[in-house]
Each structure stands twice: as structure tokens, then as C-alpha cells.
Amino acid sequence: SEAGANQAAEPELKLAIVGRRNVGKSTFINQLAETERMIVSEIPGTTRDSVDVRFQLDGKSFVAIDTPGVRKRKSLANNVEWYGLARAKRSIRRANVVLMFFDATEPVSRVDKQLVSEILDEIKPCIFVVNKWDLVKDKTTEAWSEYLFKLFADMRHVPVAFLTARSGRNVQKVINLAQSIYKQSRFRVPTGELNRLVKQAVANWPPPMLA
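Residues numbered from 1 in each chain as written. Predicted model: local features only at pLDDT ≥ 70, side-chain atom pairs only at ≥ 80, totals over all residues. Heavy atoms only, no water.

J.: Break down the overall build of the protein for me, with residues and values.
T.: Helix and strand counts for the protein come out as 7 helices and 7 strands. Ordered by position from the N terminus, the helices and strands of the protein form the series α-β-α-β-β-β-α-β-α-β-α-β-α-α. By residue count, 40% of the 211 residues in the protein fall in the buried class. Restricting the contact set of the protein to residue pairs at least 6 apart, pairs at least 24 apart contribute 68%. Summed over all atoms, the accessible surface of the protein reaches about 12400 Å², with 53% contributed by carbon and sulfur. (Helix = DSSP H or I, 4+ residues; strand = E, 2+ residues; numbered from the N terminus. Buried < 20%, exposed > 50% of the residue type's maximum accessible area, 1.4 Å probe, protein only. Contact = heavy atoms within 4.5 Å. Areas by Shrake-Rupley, 256 points an atom, 1.4 Å probe, with all protein chains shown as cover.)

J.: Can you lay out the packing of aromatic side chains for me, pointing to particular residues and giving the numbers?
T.: Evaluated as defined, the whole model comprises 6 aromatic pairs. Plain terms: the ring middles of Phe128 and Phe152 are 5.8 Å apart, the flat faces sit at 55 degrees to each other, and that makes the pair tilted. Of the two residues, Phe128 sits in strand S6 (residues 126-131) while Phe152 sits in the loop between helix H5 (141-151) and strand S7 (160-162), which places them 24 residues apart along the sequence. For Phe128, a relative accessible area of 0% puts it in the buried group. (Phe/Tyr/Trp six-rings, centres within 6.5 Å; stacked < 30°, edge-to-face > 60°.)

J.: Hey, could you go over unusual backbone geometry for me, with residue numbers and the actual values?
T.: Unusually for a residue other than glycine, Asn22 sits at a positive phi of about 65 degrees. By the secondary structure assignment, Asn22 is in the loop between strand S1 (13-18) and helix H2 (25-33). For Asn22, a relative accessible area of 58% translates into the label exposed.

J.: Report on the side chain of Asp112, specifying residues and quantitative values.
T.: Within the secondary structure layout, Asp112 lies in helix H4 (residues 110-121). Here Ser109 takes part through its backbone nitrogen, which lies 2.8 Å from a polar atom of the side chain of Asp112. Discounting residues that sit within four places of it in the chain, Asp112 has contacts with Arg20, Met100, Phe101, Phe102 and Pro107. (Polar contact = N/O pair within 3.5 Å; in protein donor to acceptor, adjacent residues only side chain to side chain.)

J.: I'd like to hear about the packing of H2 against helix H6 (residues 171-185), residue by residue, with values.
T.: For the pair H2 and H6, interaxial distance at closest approach is 10 Å and the crossing angle is 95 degrees. In terms of their interaxial angle, H2 and H6 are classed as roughly perpendicular. Residues Phe28, Gln31 and Leu32 of H2 lie in contact with H6, whose contacting residues are Val171, Val174 and Ile175. Classifying every residue of the contact of H2 with H6 gives 5 nonpolar, 1 polar and no charged. (Axes fitted to C-alpha atoms, helices over the stretch in contact; angles between N-to-C directions. Parallel < 35°, antiparallel > 145°, perpendicular 65-115°, else oblique. Nonpolar A, V, L, I, M, F, W, Y, C, P; charged D, E, K, R; others polar.)

J.: Describe the pattern of salt bridges, and please don't skip the residues or the numbers.
T.: Tallied over the entire structure, the rule returns 7 salt bridges. Of the charged contacts in the structure, one is a salt bridge between Arg54 and Glu12, with a shortest N-O distance of 2.4 Å. Of this pair, Arg54 sits in strand S3 (residues 51-57) while Glu12 is found in the loop between helix H1 (2-9) and S1, placing the two residues 42 residues apart along the sequence. The class of Arg54 is partly exposed, set by a relative accessible area of 24%. A residue is classified by how much of its surface remains accessible, and Glu12, at 23% relative accessible area, is partly exposed. Here Arg20 ties to Asp112 by a salt bridge, and the two come within 2.9 Å at their closest N and O atoms. One end of the pair, Arg20, is in the loop between S1 and H2; the other, Asp112, is in helix H4, and 92 residues separate them in sequence. The same class applies to Arg20 as to Asp112, namely buried. (Salt bridge = Lys/Arg side-chain N within 4 Å of Asp/Glu carboxyl O.)

Following this line, the structure appears as C-alpha cells:
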């Protein structure tokens, strides 16, 4: 059918899952792999020590790029850091959407700031993913979101998702959100509409006059 042909023509959504060590990236991938409706396969990555992981969920294809692959949960306990900073940057450049992971129990680190800066420089659609939310007792989602936006003022447009990768809570919702953001990123605004918006913005916030 025509609908089936259009669905088959949809490109794979490439997801970069980045963040500091022990933030829960590998647990997140494994939770996806254990989903009943998820079909998982490993494909060669861009370097000899990397593996991309392809997911098919409800007829849609996703690729978690530059990962160590899906492994049994016990083997992940001693797994080394998924990405060095260089590998994370390479993954960000390859991605359609970046899932930037934060640890809800830890303050934002220098590595986090470097990764967010790279995402901003590459102009990549992004979701801030706050993991280990089940361990937080003294802070609301609103407070955590505002904390992130104060640190990353240029990223206030980024949605913030709260999940517990260990139990699988909200894991699939993040994938659905990534798909929605990807569609938005591919939307093209007509030139006339863009010009109208620019004129309106200049009228509302005139640039400073130079002497």
C-alpha cells in the first residue's frame, strides 16, 4: 500500500547516547533490548572498537550509534566507559538526535558541559535525559529542569526527560520523544514565513544603535 511504502521509505533515526561515566547509558540500551516489541541487531560501527545497535520498534528503525553493543546485564557491571570524549564528539556529529544523559544524583560536571557545548556547536536536536530519578527525594522535575537551563541558557528549547533506566521507567517515552523531535528538525519553513518572523522579532526587540 502507499502508506506502507511511505513508512518503509522513512530513514533510520540515528541516536547518539552520550554522558559521563556510570550515568546509565548502557542500562538504557539494554532496557530497550529487553522490550517485547523490540528487534535488536548489531552492525559495524565507524571504528574497529565500536558497534552500532539497530532497533526496530513498531515498524520504525532506530540506530544507537557507536556503542559497545547489547550485552547481558551482568557483563555491564565491569564495562568500561562507553565513550571517551573524542568518541562522544564523533557520535554527536553522526547523530540525527542526541540523548544527553545526566545523573540525577550528581551535579553537572565539566565533562557534561563539554558535551553540551559540542551538541550546541553541531546544531543537533537534543533531549536532556535525567536518569536515576528514582533516587531523588528532595528535588522536583521543575527544579532540575531550571537548574539545567540556568547552566545551559542557549539550550532552553531542549526538552527534559526524567527516567529510571534500571527499571525501564519512561525509556520508551524517550525514544518516542526523539522521533518527534527528529520530525520537527526536518520541517522546512517557507521563506516568506521566515522573513515575516524575522521582521516581527526585529520590531519587538530592535538591535542596539551604534554611535
